[in-house]
Amino acid sequence: EPLYFRKEQLEQELQRQKKNQQSDDNDKNESPDIKVTELFATVTEMIRPGGKDEELKTLQFVAPADSKSKAEQCRKGEKEPFRLGERLIVL
C-alpha cells in the first residue's frame, strides 16, 4: 500500500488510475480506501517489537516528486539539509 506525503501527488495517481480503469471495461470503477495518518505514529508502529498490524508490512513510501532534485542540491551544498531535532520557522 502506498503512503504519499503530498495530497497533490495522491490525487494525480488516482486520476491516472481512473483513466486506466475507464479503458478496461472489465474493471470496477471503485475509489480506493484512503486513510490519513500521522507519520511518526506510523513509523513508531512499524518498528514496535511484536507489532501485529498487517497493513504496515505492505506499506510503501512514495517520495514527493521533487525530493530527488532537493537531495542533489543538498549534496552540492546549494541547500541546507534537514537536521533531526531542529525545526525551522519561517514567518
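Residues numbered from 1 in each chain as written. Predicted model: local features only at pLDDT ≥ 70, side-chain atom pairs only at ≥ 80, totals over all residues. Heavy atoms only, no water.

A. Fine view of the packing of aromatic side chains. Here the structure, examined in full by the defined rule, presents one aromatic pair. Seen in terms of ring centroids, Phe5 and Phe61 are 6.0 Å apart; in terms of plane orientation they differ by 20°. Their pairing is stacked. Of the two residues, Phe5 sits in the loop between β1 (2-4) and α1 (7-23) while Phe61 sits in strand β2 (residues 60-62), which places them 56 residues apart along the sequence. Judged by relative accessible area, Phe5 falls into the partly exposed class, the value being 42%. Taking relative accessible area as the criterion, Phe61 reaches 41% and is therefore assigned partly exposed. (Phe/Tyr/Trp six-rings, centres within 6.5 Å; stacked < 30°, edge-to-face > 60°. Helix = DSSP H or I, 4+ residues; strand = E, 2+ residues; numbered from the N terminus. Buried < 20%, exposed > 50% of the residue type's maximum accessible area, 1.4 Å probe, protein only.)

B. Spatial organisation of the pattern of salt bridges. For the structure on display, the rule yields eight salt bridges. Residue Glu45 pairs with Arg48 through a salt bridge whose shortest N-O separation is 2.6 Å. Classification of Glu45 as partly exposed rests on a relative accessible area of 25%. In this structure Arg48 comes out as partly exposed when scored by relative accessible area, which is 41%. Residues Glu54 and Lys57 are paired through a salt bridge, measuring 3.2 Å at the closest nitrogen-oxygen approach. When sorted by exposure, Glu54 lands in the same class as Lys57, which is exposed. Linked by salt bridges that have partners in common, Arg6, Asp66 and Lys70 make up one network. (Salt bridge = Lys/Arg side-chain N within 4 Å of Asp/Glu carboxyl O.)

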